[in-house]
Number of protein chains: 2
Amino acid sequence: MAADRTQQRPAGAARRRLRADQARQLADLLRQQVLGQVFAGGVLPHEDALGAEYGVSRNTVRQALDLLRAEHLVERVPGLGTVAVGQKYPHGLDRLMGLAETLHGHGQVSNEVRALGPVRAPAAVASRLRIKEHDDVLYIERLRRLDGLPLSLDLTYIPMDLGIGLLDADLENNDVFRLLEQVAGRPLGTAEITLEAVSADLHSATVLEAPRGAALLMLERLTHLSDGRPVDLEFVRFRGDRITMRGLLHRSS
Amino acid sequence: MAADRTQQRPAGAARRRLRADQARQLADLLRQQVLGQVFAGGVLPHEDALGAEYGVSRNTVRQALDLLRAEHLVERVPGLGTVAVGQKYPHGLDRLMGLAETLHGHGQVSNEVRALGPVRAPAAVASRLRIKEHDDVLYIERLRRLDGLPLSLDLTYIPMDLGIGLLDADLENNDVFRLLEQVAGRPLGTAEITLEAVSADLHSATVLEAPRGAALLMLERLTHLSDGRPVDLEFVRFRGDRITMRGLLHRSS
């Protein structure tokens, strides 16, 4: 499948490198189809059929399927073949939405509130939320689940004048976004986001029921009300095996 | 710093859990400042100062700094303290841009072309690019570096009528986006993107000079010309320790 530019290398090493490159290439095309749930019954075509379709050897097909297995996207089922098992949920990148909003139709979001209460705002929080250093902010820590399985661990800071209205709210079953809009009496406006891929430390992995070192999608988000006031500073660790971020980019700004 | 809801637990376990939670909380605030390069000379405040500022014990501060060290964002330098060493480069999420464009001013992007040539389009590629199955597409595989250090591994498929114009182009020093616009004689329009966090397989890690299992930011991007024609299907693995994606989201669509 890949064009071969490795003629200068020793035959064995070149073959191994070429096969590894081709396996990655094939795995990327298959993972897209696995996540898009295009295979009938979730069963992937036979290795020989994949080899013929993609013009690669059976060993390359096996190596590609190994890559997807390592990502827990497929499994081998005796008598059936390779089946899609992983499912990632699409989190919209085009509009500012809470988790329950964006996953509407994909399952039930529930939140385990691990911490809730006022804390003295450190300088780094105060400056982002434009409050006075050492004023209180409401700190909320939630483990968020989709259909019972951990999806993300969210650390949230909210100015206390709004946060006070959230203390008695049903945080288990509502997005903070929706509650904030109710308490503030106006809609949210924009949010500055930063996305990174990080490896899970031991404790975060334990909380998220993921293996230590698992890839996490880390989101930092500073959300403003429609009048521009920053009201919600969040640090969210999504399990990489359970979420994708989807959006549409435009060439002209 | 965190509100303590752990009173029901055994004292030792509760203390460890509380400290781990507080360390994560502190690490998130510090990592934001490390990446924002706000510390004078890159040197973080002394552990005691951090403990006082954030209202946590010295052990918690140390545990937080351990988390940042594990991410290769800080190092301990004898006689100096903890210094910021990691740098992540911001990739814009607001506009569709090539890597050299978006990192303009952050360093020199160079591309090692690992593969270049026509391949028979598998069905999964043909349908996305709206070409006939088994028609040729141009396959380009590039290891992209910023100031000499690996940043991403890009697998790209381009319809052959446009791809033919890229075969003799200077792919080492130019974004494919810019070359495509030249060849097509019209600007790009929009791109559908999907972002995920994945763990690096051994071979990808080797190519990217990252540890096996390192967190990668995986981008799948289908880019269209301004007339709507899909012309560029890409699978990009960014090193998670070298890139962040930044954007602005709006509440109303």
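What counts, and at which threshold
- Residues numbered from 1 in each chain as written.
- Chains lettered and ligands numbered in written order.
- Predicted model: local features only at pLDDT ≥ 70, side-chain atom pairs only at ≥ 80, totals over all residues.
- Heavy atoms only, no water.
- Least-squares fit on C-alpha atoms with pLDDT ≥ 70 in both.
- Helix = DSSP H or I, 4+ residues; strand = E, 2+ residues; numbered from the N terminus.
- Contact = heavy atoms within 4.5 Å.
- Salt bridge = Lys/Arg side-chain N within 4 Å of Asp/Glu carboxyl O.
- Buried < 20%, exposed > 50% of the residue type's maximum accessible area, 1.4 Å probe, protein only.

### Details of the relation of the copies chain B and chain A
The two copies are related by a screw motion: chain B maps onto chain A through a turn of 180° and a shift of 0.0 Å along the axis, at an RMSD of 0.0 Å. The superposition of one copy onto the other is thereby described by a two-fold rotation axis.

### A word on the environment of V207 of chain A
Of note, V207 of chain A is situated in helix α8 (residues 202–207). Along the chain, V207 of chain A and K88 of chain A lie 119 residues apart, while their C-alpha atoms are 19 Å from each other. What V207 of chain A contacts, discounting residues up to four positions off in sequence, is R114, L143, P150 and L153 of chain A together with R24 of chain B.

### Focus on the pattern of salt bridges
This structure, assessed with the given rule, holds 52 salt bridges over all chains. Measuring nitrogen to oxygen at the nearest pair gives 2.9 Å for the salt bridge that ties E101 of chain A to R251 of chain B. Placement of the pair is E101 of chain A in helix α4 (residues 99–102) and R251 of chain B in the segment after β10 (243–250), with the two residues belonging to separate chains. When its relative accessible area of 32% is taken as the criterion, E101 of chain A is described as partly exposed. With a closest N to O distance of 2.5 Å, E196 of chain A and K88 of chain B form a salt bridge. Of this pair, E196 of chain A sits in strand β7 (residues 188–199) while K88 of chain B sits in the loop between β2 (81–84) and β3 (89–92), placing the two residues on different chains. What makes E196 of chain A buried here is its relative accessible area of 4%. Overlapping salt bridges bring together R142, R144, D154, D175, R221 and E234 of chain A as one network.

### Some words on the side chain of R31 of chain B
Looking at the secondary structure, you find R31 of chain B in helix α1 (residues 11–35). Under the relative-accessibility criterion, R31 of chain B is labelled buried at 3%. Apart from the residues lying within four places of it in its own chain, the contact partners of R31 of chain B are E196, V198 and M218 of chain A together with L68, E71, L73 and K88 of chain B.

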